[in-house]
Structures are given as C-alpha cells and as structure tokens.
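The chain contents come next:
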Amino acid sequence: MMQRDRASAMLGMVVEHDAPGESRVTMTVRDDMLNGFAITHGGLVFTLADTAFAIACNEDERVTVAGGADITFLKSTTAGQTLTATAVRRARSGRTGLYDIRVTDETGDLVAEVRGRSITTDRRPPAAEPVDAARPTYDPERSAALKTTEVSR
C-alpha cells in the first residue's frame, strides 16, 4: 500500500514500524505545512495519523479503509519539528476495527490523539507502479510562488 501512496511520499512520511495491528510513521514539518498562524496545519497532523492508522489496519490482502475518526489536538508544532504517529489496534471483530493513534513531537510531548474506526472491504489493492517511479517532487520555489498575499472570500 505505501509503495503506491503518493500523498504520504509527497509529505515526506517515513514508516519506521509496520506490524499487524500497529505502526509508527514520522514526518518533519516543513514551512509549506504551516497554516496562517505559523503552526502545523491540523489537516496535516491528521494526515500523518491517518497514514499510521491505514498501515496498522491493513494487515492482509484485503483493502481496509477508515469508517470514521475523531481527533483531539493537544499541542501546536511548527516548521523543523518531527512528528511521530503511533497506531495500535484496540479491537477487531468481523469487518470492523478500532484503533488509537498518538501523535507526538520530537520531545515526546503529545500533539494529538485520534480514535479511528476501520472497515474491511472485499476490494483488492490496485496494481500500480511503486510511488518512486512517479513520485511527486517537492519544489520549494513553486510552493513559494503559489503563496498569496491576499485572501479572497
């Protein structure tokens, strides 16, 4: 699954641990990951947690997806910090599962907690080129050019 995950690759996520029902993924926060208050965009904190969740709940050839998730933000972070999402299965019964994901910063402080609910489908993973073959590249110059100084409503 992660060999085809272009979004996680684009964000620079690194899978540090992958075992049935658990995972650990890290991501270093870049300048282009900050919101208008110069703190890590909450959606990207959730994306990191979601990636760890996906790895933990996909433990066989069947495609398992999120059925829902709740996040609680506990601490803000900023560029240069490394976030770690650790996912652990709490329960699995039939086609559903329950997972807890903790996001911490490089000091071990808790940044966010997520409770994810999974659903196992009858789908099979798509056959595709690994992400390295078509990996999106991060271009800081293009990113800077896309920044706007005016916000329209």
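The coordinates are above.
Residues numbered from 1 in each chain as written. Predicted model: local features only at pLDDT ≥ 70, side-chain atom pairs only at ≥ 80, totals over all residues. Heavy atoms only, no water.

A. Main features of unusual backbone geometry. Here Ala38, not a glycine, exhibits a phi torsion of approximately 65°, which is positive. Within the element layout of this structure, Ala38 appears in the loop between strand E2 (22–28) and helix H2 (42–57). (Helix = DSSP H or I, 4+ residues; strand = E, 2+ residues; numbered from the N terminus.)

B. Region of interest: the pairing of strand E6 (residues 110–120). Bridge count between strand E3 (residues 64–73) and E6: nine bridges; the pairing is antiparallel. Following the sheet pairing, Gly68 is matched in E6 by Arg117. Pairing analysis gives nine bridges linking strand E5 (residues 96–104) to E6, with the strands arranged antiparallel. By the bridge assignment for E6, Thr104 is matched with Leu110. Between E5 and E6, which pair antiparallel in sequence order, lie five residues; one of them, Gly108, sits at a positive phi of approximately 95°. (Pairing = 2+ DSSP bridges.)

C. Region of the structure containing the side chain of Asp5. As for its position among the elements, Asp5 is in the segment before helix H1 (6–10). A distance of 2.8 Å separates a polar atom in the side chain of Asp5 from the backbone nitrogen of Ser8. (Polar contact = N/O pair within 3.5 Å; in protein donor to acceptor, adjacent residues only side chain to side chain.)

D. Seen up close, the pattern of salt bridges. Considering all chains together, one arrives at eleven salt bridges under this definition. We note a salt bridge from Asp60 to Arg62, for which the minimum N-O separation is 2.9 Å. A residue is classified by how much of its surface remains accessible, and Asp60, at 33% relative accessible area, is partly exposed. Here Arg117 makes a salt bridge to Asp70, at a shortest N to O gap of 3.1 Å. With Arg117 in strand E6 and Asp70 in strand E3, this pair connects stretches of sequence that are 47 residues apart. (Salt bridge = Lys/Arg side-chain N within 4 Å of Asp/Glu carboxyl O. Buried < 20%, exposed > 50% of the residue type's maximum accessible area, 1.4 Å probe, protein only.)

E. Seen up close, the nonpolar core. Within the largest apolar cluster, 24 residues are counted, with the highest numbers of intra-cluster contacts made by Met27, Leu48, Leu83, Ile101 and Val103. Only E2, H2, strand E4 (82–93), E5 and E6 provide two or more residues apiece to this core. In terms of residue count, H2 provides more of this core than any other element does, nine residues in total. Among residues more than four places away in sequence, those in contact with Met27 are Leu11, Gly12, Met13, Met33, Leu44, Leu48, Gln81, Thr82 and Leu83. (Core = buried A, V, L, I, M, F, W, Y, C linked by side-chain atoms within 4.5 Å. Contact = heavy atoms within 4.5 Å.)

F. View of the pairing of E4. Both E2 and E4 contribute to a ladder of seven bridges, which runs antiparallel. Directly across from Ser23, in E4, lies its bridge partner Ala87. Direction of pairing for E4 relative to E5: antiparallel, over a ladder of nine bridges. Looking at E5, one finds that Ala91 is bridged to Leu98. In sequence, E4 turns back onto E5 through a hairpin of two residues, with Gly94 there showing a positive phi of about 60°.

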